[in-house]
Structure formats: structure tokens, C-alpha cells
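So the chains spell out like this:
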Amino acid sequence: MKHFEANFDGLVGPTHNYAGLSFGNVASQSNAAQVSNPKDAAKQGLKKAKALADMGMVQGMLAPQERPDIHTLRRVGFTGSDADVLAQAAKASPVLLQACASASSMWTANAATVSPSADSDDGKLHFTPANLVDKLHRSIEPVTTGNILKAIFTDERYFAHHQHLPEHPHFGDEGAANHTRLCHDYGKAGVEVFVYGRSVADLSRPAPVKYPARQTLEASQAVARLHQLSDDRTVYMQQNPDVIDQGVFHNDVIAVGNQNVLFYHEQAFLETQAKLAEIDKKMHGNTHFIEVPTAKVSVQDAVKSYLFNTQIITLSDGNMAIIAPTDCQENPAVHAYLNELVTLNTPIKAVHYFDVKQSMQNGGGPACLRLRVAMNETELAAVNPQVMMNDALFARLNQWVDKHYRDRLSTQDLADPQLLMESRTALDELTQIMKLGSVYQFQR
Ligand code: SUG
């Protein structure tokens with residue numbers, strides 16, 4: 001049976017904007033109050049997804065969420081018509097309105113943690129939506145994320161869906177952004193590496209002092225239990241708190257893995273050597289550890305360019321390629337490093353650059369925009385085919401974006417009742433294009 005890794009990219013929603021909501025995410029904060037271009041943002045994402053499909057990768061799309069989220073605004077006491085709710089929120093608390101209007105669900109690396117059937121004791125493919133409790137604007141995503149995942153991975157014979165973890169900092173969970181699955185073959189049992197920022201229970205472990213550690217060890221352990229992963233297939237590593245304090249708010253800003261390759265910065269982890277030895281042992285050897293030294297790329301350059309927020313993909317000829325943001329080309333140290341990397345004796349043989357700047361300005365690179373799902377062909381046959389990228393879906397979604405999206409949005413526009421109408425009309429049409437059923441509250 002064939003096995004492969006599919007990527008499910010988040011379609012950028014119509015309210016994509018720059019509100020500076022993510023303390024600890026340098027790009028989000030430094031671009032606060034800039035004017036965004038939702039139309040370009042969505043098209044940049046679609047282009048990347050289509051290019052991967054054209055390279056022979058299995059590529060799907062995940063629908064955006066309903067924003068502004070009027071239901072959350074009502075839940076915190078705003079009343080009247082939808083337009084009244086928006087007006088009251090804009091007056092009483094612009095930040096609250098911004099949180100409820102963020103298109104942040106586009107970063108589907110944070111949608112969920114996914115464990116393939118080859119790894120789990122019950123032989124099912126497991127999904128746990130991330131609770132994203134560290135940021136208000138993200139904490140309102142998991143219920144709809146779960147609805148969307150269930151509408152795509154419906155067949156209970158193959159797919160197991162769990163509720164997101166309890167909404168408390170004890171279980172701060174950021175999904176696949178802090179999780180990498182290594183394996184020798186997508187269809188064989190692999191090693192799931194969970195990278196946490198702090199432990200709630202073990203206070204002897206260091207923690208960042210300036211910026212939050214969004215992922216806890218306790219959340220990672222809970223997800224591993226839910227997904228029925230055995231200890232010999234699981235490794236827990238701690239992120240270096242110093243790099244979190246330099247803007248590495250998720251592990252996927254400083255490390256990325258694919259099959260038997262782990263590509264990471266020298267300063268990414270704590271107890272690096274011992275942990276890499278544990279990974280290699282559980283992989284039964286032959287793991288490629290590609291460590292990027294500080295002398296070649298500083299943490300600052302890694303954060304700015306998103307060198308590690310790249311996708312490493314395996315092409316049909318067995319070689320690996322890196323999908324990088326154009327920002328890596330523009331950074332001399334990083335560009336020089338990548339040019340050298342493809343000449344070294346590693347499985348990575350090529351780098352492809354994509355302009356995803358609209359997303360990058362909010363701290364989301366190519367890898368943030370995708371959720372990986374390793375599957376076999378029986379499981380793929382059970383996936384809702386209407387979300388899979390091909391020429392027809394690419395054309396249809398570009399048309400849909402052209403019809404519904406604005407090319408300019410400032411945070412002031414978020415209170416415009418017309419934007420809410422536009423967004424709901426667009427999403428209603430999208431659920432028909434993608435045959436998702438009624439996944440949004442406004443449809444229920
Ligand atoms: O959660 N930015 C997102 C970026 C997520 C990136 N994902 C991964 N690294 N996997 C975040 O910080 C900014 C929104 C704003 O400021 O308007 C934001 O939510």
C-alpha cells in the first residue's frame with residue numbers, strides 16, 4: 001500500500017489584518033496597524049499550495065473561520081443586531097474586536113496535532129485541535145477547527161477526533177507547530193517529537209522570562225496519551241527558553257523535520273545531545289541531524305527570515321526539497337547557508353522560494369500555513385475530495401477570492417458591518433465549493 005504525507009493549507013480568510021495581537025511574535029508586533037491586503041494574502045497561499053500539488057504532493061485546503069466572531073462578542077455582553085454588537089465592541093474595546101476579527105486560523109500548523117495510523121496503538125489517524133489558550137484571538141478557534149476537520153476526515157473507521165485539551169494554561173497547546181514526526185517511511189511507525197516551552201508541574205525546569213512559553217509539557221503528554229502513542233515512539237524535548245525570549249514563539253520557527261531529517265538551529269533545544277541520541281535510538285538509527293550553527297545563521301536572522309519555518313518535502317524521486325519564504329533569499333546569511341546546504345551530503349537537494357509576505361508580516365511562514373497528515377491510500381480515499389488541490393479547485397478558489405475579498409483592510413475596517421456580511425457570504429459559498437456542510441455557527 002502507498003503512503004505519503006499530505007499538506008492541508010489554511011485558506012486565508014477575508015478579514016486578514018495586522019492587529020499586533022501576538023505578544024512574543026516579533027513580526028505580529030512590529031507590523032501592528034499596517035494596512036493588509038486579504039486578496040493578495042489568500043492568493044499567495046493558494047499559489048504555494050498549487051505549486052506543491054504540481055510537484056506531485058498530496059495537497060488539500062482547510063477553510064477559514066467565521067470572523068468577526070459575533071458569537072464570542074455576544075458571549076461577553078454585547079447585544080442588539082450584529083451591527084450593534086460590532087459598534088459597541090469597537091467603542092468599548094477595540095482590542096477585543098480585533099481578537100474576534102483575526103484571520104489567524106490560516107496558520108493551520110496550529111490547528112491540531114495529528115498522529116498517523118502507523119504510530120497509534122489502535123491503528124487510527126488521530127486529530128486533537130489545539131486549544132491555543134495563550135492568545136485570546138486564537139483561543140476561539142478550536143471548536144470550528146474540530147468541525148472542519150470532521151467534515152473532511154469523516155470516516156470513523158479510519159479517523160479519530162478528540163476534543164481540544166481543557167482551556168487552561170496548564171494545558172497550553174499549540175498543535176503541530178510544536179510537534180514533528182520523524183520516520184524512515186511515512187507508512188511505518190515513526191517517532192513523534194513533542195517540543196514544549198515549559199513544564200507546569202516540574203518547576204525546576206527553566207522557562208522564558210520575557211515572552212510566554214505557549215506549549216506545556218503537560219499538554220504534549222496529554223496529546224500523546226489521546227493519540228495512543230507508546231513511549232518507544234515518543235520523545236519530549238524542551239525548547240531553549242532563551243530563544244523563546246528572542247521571538248521563537250513556536251518550535252517550528254527554529255526546527256523542522258521530515259522523514260529521517262531533523263533540521264534545527266544549534267540553540268533550538270535544551271539538552272540537545274542527549275535528546276538527539278534518544279531520537280536516533282527510537283528511530284533505530286540512520287537519522288540525519290542537520291544542525292545550523294549560530295556562526296552561520298544567528299537566531300535573529302533565523303527569526304527574521306523564517307529559515308526553519310520552511311517545509312521539507314519528499315519528492316517522487318526520493319529527494320527532499322525545501323519550501324522557503326522569499327525572505328530567506330533576501331537575507332544574505334540565510335541565502336548563503338541554503339545555497340551551501342543543497343551541495344552537502346544530505347537528502348535535501350533543492351530550495352524553492354515563495355512569496356507569502358502577507359502572512360509573514362504576522363509571523364506565519366510556509367510551514368505555519370500547513371497541517372501535515374501522513375496517510376495511506378485507503379485513508380486518502382476516505383478524505384472529502386472537494387478540498388483537494390487541483391487545477392479546477394485552484395481556479396475556483398481564485399475566482400471566489402476575486403469575488404469576495406478586499407485588497408485593503410485596516411483595523412478600523414473591522415467594525416464595518418459590511419465586512420461581516422461579505423465574510424459570511426464568502427464562507428457560505430465556500431462550504432458549498434468544499435462540500436463541508438454547516439461548519440459555521442452562522443449557518444446553524
Ligand atoms: O499565533 N500570528 C500567529 C502566527 C502563527 C504562526 N504559526 C506557527 N509558527 N506555526 C500567532 O502568533 C498575529 C495576528 C495579529 O497580530 O494580527 C498572529 O496571530
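This section reports on the structure supplied with the text. (Residues numbered from 1 in each chain as written. Predicted model: local features only at pLDDT ≥ 70, side-chain atom pairs only at ≥ 80, totals over all residues. Heavy atoms only, no water.)

**Topic: the overall build of the protein**
- For the protein, the helix and strand inventory stands at 17 helices and 15 strands.
- In terms of overall dimensions, the protein is globule-like: its C-alpha atoms have a radius of gyration of 20 Å, near the 22 Å expected for 444 residues.
- By principal-axis analysis of the C-alpha atoms, the protein measures approximately 60 × 45 × 40 Å.
- Within the protein, buried positions represent 61% of all 444 residues.
- Carbon and sulfur atoms form 50% of the exposed surface of the protein, whose accessible area is close to 16,400 Å².
- The averaged location of the 48 negative side-chain charges in the protein is 3 Å from the averaged location of its 39 positive side-chain charges. (Helix = DSSP H or I, 4+ residues; strand = E, 2+ residues; numbered from the N terminus. Rg over C-alpha atoms; globule rule 2.2 N^0.38 Å. Buried < 20%, exposed > 50% of the residue type's maximum accessible area, 1.4 Å probe, protein only. Areas by Shrake-Rupley, 256 points an atom, 1.4 Å probe, with all protein chains shown as cover. Lys, Arg positive; Asp, Glu negative; His and termini not counted. Charge placed at Lys NZ, Arg CZ, Asp CG, Glu CD.)

**Concerning the side chain of His-164**
- Within the fold, His-164 resides in the loop between β5 (159–161) and β6 (179–182).
- Residue His-164 is classed as buried on the basis of its relative accessible area of 11%.
- At 2.5 Å, the side chain of His-164 and the side chain of Glu-167 are in polar contact.
- Leave out the neighbours within four places in its chain, and His-164 touches Thr-128, Pro-129, Ala-130, Asn-131, Pro-142 and Val-143. (Polar contact = N/O pair within 3.5 Å; in protein donor to acceptor, adjacent residues only side chain to side chain. Contact = heavy atoms within 4.5 Å.)

**Points about the sheet that holds strand β10 (residues 261–265)**
- One open sheet holds the three strands; their spatial order is β9-β10-β11, and the pairing between them is mixed. On the outer flanks of this sheet lie β9 (255–258) and β11 (288–292), each paired with one strand and no other. The sheet shows a mean angle of 10 degrees between the axes of neighbouring strands, direction not considered.
- Against the sheet, helix α10 (residues 272–282) touches β10 and β11, its axis set at about 155 degrees to β11. (Pairing = 2+ DSSP bridges. Axes fitted to C-alpha atoms, helices over the stretch in contact; angles between N-to-C directions.)

**Comments concerning the site of the ligand**
- In the vicinity of the ligand there are 21 residues, among which Leu-21, Ser-22, Ser-28, His-137 and Asp-252 approach most closely.
- Between the ligand and Gly-20 there is a distance of 3.0 Å, counted from an oxygen atom to a backbone nitrogen or oxygen.
- Interatomic distance of 2.8 Å between a side-chain N/O atom of Arg-214 and an oxygen atom of the ligand.
- For the ligand, the cavity whose grid points lie within 2 Å of the majority of its atoms is the second largest cavity. (Near = heavy atom within 4 Å. 1 Å grid on protein atoms, 1.4 Å probe; cavity = no way out; pocket = protein on both sides within 12 Å on 5 of 7 lines; lining within 4 Å. Sits in = over half its atoms within 2 Å of the grid points.)

**What to know about a negative patch on the surface**
- A surface patch of negative charge is lined by Asp-121, Asp-122, Asp-231 and Asp-232.
- With respect to the helices, strands and loops of the structure, Asp-231 is situated in the loop between α8 (217–226) and β8 (234–238). (Patch = residues over 30% accessible without salt bridge, like charges linked within 9 Å, V, L, I, M, F, W, Y side chains within 5 Å. Salt bridge = Lys/Arg side-chain N within 4 Å of Asp/Glu carboxyl O.)

**Describing the packing of helix α4 (residues 82–92) against helix α17 (residues 417–433)**
- At their nearest, the axes of α4 and α17 sit 9 Å apart, and the two run at 125 degrees to each other. It follows from the interaxial angle that α4 and α17 lie oblique. Of the two possible hands of crossing, α4 and α17 adopt the one that is right-handed. Across from Asp-82, Ala-83 and Leu-86 in α4, the residues of α17 making contact are Pro-417, Leu-420 and Arg-424.
- In terms of residue class, the contact of α4 with α17 is made up of four nonpolar, no polar and two charged. (Parallel < 35°, antiparallel > 145°, perpendicular 65-115°, else oblique. Left-handed = near helix turned anticlockwise from the far one by under 90°. Nonpolar A, V, L, I, M, F, W, Y, C, P; charged D, E, K, R; others polar.)

**As for the environment of Leu-307**
- Its place among the elements puts Leu-307 in the loop between α11 (299–305) and β12 (311–314).
- Expressed as a C-alpha distance, the spacing of Leu-307 and Asn-362, which sit 55 residues apart in the sequence, is 16 Å.
- With sequence-adjacent residues up to four places away left out, Leu-307 is seen in contact with Phe-263, Val-292, Val-297, Ala-302, Cys-328, Val-334, Tyr-337 and Leu-338.

**Brief notes about the pattern of salt bridges**
- The full count for this structure, using the stated rule, is 26 salt bridges.
- The shortest N-O distance in the salt bridge between Lys-50 and Asp-391 comes to 2.8 Å. Placement of the pair is Lys-50 in helix α2 (residues 38–54) and Asp-391 in helix α16 (residues 391–404), with a sequence separation of 341 residues.
- With a shortest N-O distance of 3.2 Å, Arg-214 and Glu-174 are connected by a salt bridge. One end of the pair, Arg-214, is in the loop between β7 (191–196) and α8; the other, Glu-174, is in the loop between β5 and β6, with 40 residues separating them in the sequence.
- Take Glu-174: its relative accessible area is 1%, and that puts it in the buried class.

**Concerning the state of the cysteines**
- Tallying each qualifying case throughout the model produces zero disulfides.
- You can see Cys-328 has no disulfide; the closest cysteine sulfur is in Cys-368, sitting 12 Å from it.
- By relative accessible area, Cys-328 is classed as buried at 0%. (Disulfide = S-S within 2.5 Å.)

**Considerations on empty space enclosed by the protein**
- Using the criterion set out here, one finds five cavities of 30 Å³ or more in the structure.
- In this structure, the largest cavity encloses a volume near 250 Å³.
- In terms of lining residues, the largest cavity is bounded by 22 residues, among which Glu-5, His-179, Thr-180, Arg-181 and Arg-372 are the most central.
- Those elements that provide at least two residues to the lining of the largest cavity are β6, β9 and β15 (370–376).
- Among the elements that take part in the lining of the largest cavity, β9 stands out by supplying four residues, more than any other.
- A class-by-class count of the residues in the lining of the largest cavity yields 11 nonpolar, six polar and five charged.
- The wall of the second largest cavity is formed by 20 residues, among which Ser-22, Asn-25, Trp-107, His-137 and Asn-362 lie closest to the centre.
- In terms of residue class, the lining of the second largest cavity is built from five nonpolar, 13 polar and two charged. (Points joined across faces, edges and corners; volume = space filled by probe spheres on them.)

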